[in-house]
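A look at the structure
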Amino acid sequence: LFSFWRRRLDLIHLLGNDTCLALGRRTVLTVYDFMWNYYLSHGERNAKYLYFSFSVPFSLRRAGALIALSRFIADQAADDFPFVAGKIFPIPLACPPAITPHADVANALKKKYPFPFVFTLTTSLPHKNLSVLLEAFMKIKRGGGFSGKLVVCGQLKGDFHEETLGFVENNGLCQDVI
């Protein structure tokens, strides 16, 4: 805060859910998601989500402008918090530049998966969009657009683990999703 005033800045960009009370409209806030609201609406009660249920709407109202990471998040904000109309702008994250893994990593993956594959590191939580990836993979496989497999790594446990496994099984993807 001191640095903001000392440098005579016009705006400050903040990441996360809260604005600085002293800066109010001079802040631009990036909105990542509303998972706290999702969990509250599904019966999850803890201090963090309850805090967000008060602080996030307050911060959204006080911020001078809002950046949403996707059109979906911008639309969700507008639906849930009508007062953000006109000050929320979706700016999707860009894909990073293509990288080539080190030769030893590439060789280890080729040895473990000796077939074409798409690799993803994720969780089964809804905001990570694994269900969207699985649905897209299913459509591509059924359309004959890819003959390989989908390798899913990460934490696939918790409340949504069964839904993920059920989708794979119900759509005949057990041989194609590892």
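Residues numbered from 1 in each chain as written. Predicted model: local features only at pLDDT ≥ 70, side-chain atom pairs only at ≥ 80, totals over all residues. Heavy atoms only, no water.

**Here's the deal with the overall build of the protein**
This is how it is decided: Secondary structure elements follow DSSP: runs of H or I no shorter than four residues count as helices, runs of E no shorter than two count as strands, and numbering proceeds from the N terminus. It is over C-alpha atoms that the radius of gyration is taken, and the globule rule equals 2.2 Å times the number of residues to the power 0.38. The buried label applies to any residue whose accessible area, calculated with a 1.4 Å probe on protein chains only, is under 20% of its type's maximum; exposed applies above 50%, and partly exposed to all values in between. In what follows, residue pairs with any heavy atoms lying within 4.5 Å of each other are defined as contacts. Note on areas: Shrake-Rupley, 1.4 Å probe, and residue coverage restricted to the protein chains presented here. Asp and Glu are treated as the negative residues and Lys and Arg as the positive ones, with His and the ends of the chain left uncounted. Positions of charges follow a simple convention, taking NZ of Lys, CZ of Arg, CG of Asp or CD of Glu.
Looking only at helices and strands, the protein features 7 helices and 6 strands. Along the protein, helices and strands appear, N-terminal first, in the series α-β-β-α-α-β-α-β-α-β-α-β-α. Relative to the compact-globule value of 16 Å for 178 residues, the protein shows a C-alpha radius of gyration of 21 Å, a clear excess of over 25%. Taken along the three principal axes of its C-alpha coordinates, the protein extends 60 × 40 × 30 Å. A burial count over the protein gives 31% of its 178 residues as buried. If you take every contact in the protein between residues at least 6 apart in sequence, the share linking residues at least 24 apart comes to 59%. In the form shown here, the protein has an accessible surface area of approximately 11,800 Å², with 60% of it arising from carbon and sulfur atoms. Each charge sign in the protein was given a centre, from 20 positive and 14 negative side chains, and these centres are 10 Å apart.

**What about the environment of Val 118?**
With respect to the element layout, Val 118 can be found in strand β5 (residues 117-123). In this structure Val 118 comes out as partly exposed when scored by relative accessible area, which is 35%. Distance in space between the C-alpha atoms of Val 118 and Lys 149 is 6.4 Å, their sequence separation being 31 residues. Apart from residues no more than four positions distant in its own chain, Val 118 is found in contact with Phe 146, Lys 149, Leu 150 and Val 151.

**As for the environment of Leu 134**
Positionally, Leu 134 belongs in helix α6 (residues 130-142). With sequence-adjacent residues up to four places away left out, Leu 134 is seen in contact with Leu 150, Thr 164, Phe 167, Val 168, Leu 173 and Val 177.

**Section: the side chain of Ser 59**
For Ser 59, the position within the fold is in helix α3 (residues 47-62). Not counting residues within four places of it along the chain, the set of residues in contact with Ser 59 comprises Asn 17, Asp 18, Thr 19 and Leu 29.

**A few points about the nonpolar core**
Rules: Definition of nonpolar core: a set of buried residues of the types Ala, Val, Leu, Ile, Met, Phe, Trp, Tyr and Cys, connected through side-chain atoms within 4.5 Å.
By size, the foremost hydrophobic cluster in this structure holds 22 residues, and its most contacted members are Phe 34, Trp 36, Leu 60, Leu 66, Val 84 and Ile 88. Those elements that provide at least two residues to this core are β2 (27-31), α2 (35-41), α3, β3 (65-68) and α4 (71-80). Of all hydrophobic cores here, the second largest spans 9 residues; its members include Phe 137, Met 138, Val 152 and Val 177.

**Examining the state of the cysteines**
Going by this rule: Any pair of cysteine sulfurs within 2.5 Å is marked as a disulfide.
Using the criterion set out here, one finds 0 disulfides in the structure. With no disulfide of its own, Cys 153 lies 17 Å from the sulfur of Cys 174, the closest cysteine sulfur. The class for Cys 153 is partly exposed, based on a relative accessible area of 24%.

**Thoughts on the packing of aromatic side chains**
Cut-off, in case you're wondering: A pair of aromatic rings is counted whenever rings of Phe, Tyr or Trp (Trp by its six-membered ring) have centres within 6.5 Å, and the orientation is called stacked for planes under 30 degrees apart, edge-to-face for over 60 and tilted otherwise.
The full count for this structure, using the stated rule, is 7 aromatic pairs. Both rings, one in Tyr 38 and one in Tyr 39, keep their centres 5.5 Å apart while their planes meet at 80 degrees; by these two values the pair is edge-to-face. Assessed through its relative accessible area of 25%, Tyr 38 is described here as partly exposed. In this structure Tyr 39 comes out as buried when scored by relative accessible area, which is 14%. With 6.3 Å between their ring centres and 70 degrees between their planes, Phe 137 and Phe 146 make a pair best called edge-to-face. Overall, the relative accessible area of 5% leaves Phe 137 in the buried class. By relative accessible area, which is 24% here, Phe 146 ends up partly exposed. Among the aromatic residues, those joined into a ring-pair cluster are Phe 34, Trp 36, Phe 81 and Phe 83.

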